[in-house]
Amino acid sequence: MGYEELMREALTTSFEGWDWGVFRGRMTTADDLPWDYEELVRERLPEAASLLDLGTGGGELLSSLAPLPPRTAATEEYAPNVPIARRRLEPLGVEVAETTSSFPDGSFELIVNRHESYEPGEIRRLLAPGGTYVTQQVGGRDLEEINQALGAPPHEDHGWDLTTATAALTGTGFDVTWRRESSCPVTFHDIGALVLYLRVISWQIPGFTADEYEDRLHALHAEMASGRPLRATAHRFALIAT
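Everything numeric here is computed off the predicted structure, so don't read it as measured data. (Residues numbered from 1 in each chain as written. Predicted model: local features only at pLDDT ≥ 70, side-chain atom pairs only at ≥ 80, totals over all residues. Heavy atoms only, no water.)

**Some thoughts on the packing of aromatic side chains**
Heads up, the condition is: Between 30 and 60 degrees the pair is tilted, below 30 it is stacked and above 60 it is edge-to-face, where a pair is any two Phe, Tyr or Trp rings, Trp via its six-membered ring, whose centres lie within 6.5 Å. Strands are runs of DSSP state E lasting at least 2 residues, helices are runs of H or I lasting at least 4, and numbering of each runs from the N terminus. Burial here depends on accessible area, computed with a 1.4 Å probe over protein chains only, as a share of the maximum for the residue type. Under 20% is buried, over 50% is exposed, and the range in between is partly exposed. For a lysine, the NZ atom is tested; for an arginine, the CZ atom; a charge sits over a ring if that atom is within 6 Å of the ring centre and within 35 degrees of the ring normal.
This model, assessed by the stated rule, comprises 8 aromatic pairs. Pairing Tyr118 with Tyr133 gives two aromatic rings, centres 5.3 Å apart and planes at 70°, and the pair type is edge-to-face. Of this pair, Tyr118 sits in the loop between β5 (108–114) and α5 (120–126) while Tyr133 sits in strand β6 (residues 127–138), and the two are 15 residues apart along the sequence. Across this residue pair, the class does not change: Tyr118 and Tyr133 are buried. Pairing Trp160 with Phe237 gives two aromatic rings, centres 5.5 Å apart and planes at 65°, and the pair type is edge-to-face. With a gap of 77 residues between them, Trp160 in the loop between α6 (144–150) and α7 (162–170) and Phe237 in strand β8 (residues 230–241) connect regions that are remote in the sequence. The exposure class assigned to Trp160 is partly exposed, which follows from its relative accessible area of 23%. Ring-pair connections join several aromatic residues into one group, and the members of that group are Tyr118, Tyr133, Trp160 and Phe237. One Lys or Arg, Arg124, reaches over the ring of Phe174 and ends 3.9 Å from the middle of that ring.

See below:
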């Protein structure tokens, strides 16, 4: 497809929950992180009578973990995802809320979080005594090559990393019992996939519009069409705190 057709598709394609199937073959990543977030959660489910999943998206991952603890809840702040999550999770007995404000202190023995922002003090409030917090986070240097290629400012949370997150949790009274940080390559094979990604991950370049970056996008398209895809680096870290 040519530039105009790829852009038209990128700007009109719908995206629900966190179903990344639309990027198959167009955005590739080597999922070689030295830990498995899903396994970190699964290992702790049998011992938990209550579970909170922060930022559940459309509930895709949480539903795959069934059977779930007797008391399971999830939050999702992105409004279009809330009805999707409720359709998927409420039949499993999961309460879906938009924020954590309605949950009483000490409500959950296990709190899990993949790629959702959080406040350490709120995690401390929600976690039952002796409870566990498991999170995998997107680091502040994530895919910074995109910003560089488009001449965009760096991510506003550029300093968000394992050291910063650990310090914030320990400063709130947590004991961080395990932690890791890593990176893996990501490749964008066409300009449409890149623009759709920037639509979905709106915080990568806040306020991104195709018109504002038209010249850079045209130049990138020419490189991709000639067999030189855009290569970037995903930045991830994970930790467990009690």
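**Concerning the layout of surface pockets**
Cut-off, in case you're wondering: Every definition here rests on a 1 Å grid over the protein atoms only: cavities are sets of points where a 1.4 Å probe fits but cannot get out, pockets are open sets enclosed by protein on both sides within 12 Å along at least five of seven lines, and lining residues have some atom within 4 Å of a point. Grid points are joined across faces, edges and corners, and a volume is the space filled by probe spheres set on the points. Gly counts as polar in this scheme, as do all residues outside two lists: the nonpolar Ala, Val, Leu, Ile, Met, Phe, Trp, Tyr, Cys and Pro, and the charged Asp, Glu, Lys and Arg.
Considered as a void within the structure, the second largest pocket measures approximately 190 Å³ in volume. Along the walls of the second largest pocket sit 13 residues, with Leu54, Glu77, Thr100, Ser117 and Tyr118 positioned nearest its centre. Of all the elements, α5 adds the most residues to the lining of the second largest pocket, at 3 residues. The class makeup of the residues in the lining of the second largest pocket is 4 nonpolar, 4 polar and 5 charged.

**Quick word on the pairing of strand β3 (residues 71–75)**
Heads up, the rule is: Any two strands are treated as partners once DSSP identifies two or more bridges connecting them.
Counting buried residues along β3, 4 of its 5 residues qualify, which places the element largely inside the surrounding structure. Direction of pairing for strand β2 (residues 50–54) relative to β3: parallel, over a ladder of 4 bridges. Residue Ser50 lies in a different strand from β3, and its bridge partner there is Arg71. Alignment of β3 against strand β4 (residues 95–97), held across 3 bridges, turns out to be parallel. Residue Thr75 lies in a different strand from β4, and its bridge partner there is Ala97.

**Quick look at the side chain of Arg236**
What counts is decided by this rule: A 3.5 Å cut-off defines polar contacts: any pair of N or O atoms within that distance qualifies, except that in protein one atom must be a possible hydrogen donor and the other a possible acceptor, and neighbouring residues in sequence count only when both atoms are side-chain atoms. Working rule for contacts: check all heavy atoms of both residues, and any pair within 4.5 Å makes them a contact.
Residue placement: Arg236 occurs in strand β8. A distance of 2.7 Å separates a polar atom in the side chain of Arg236 from a polar atom in the side chain of Asp142. When neighbours within four sequence positions are excluded, Arg236 is seen to be in contact with Leu33, Trp35, His115, Gln136, Gln137, Val138, Gly139, Asp142, Glu181 and Ser182.

By themselves, these figures tell us nothing about what the structure is for.
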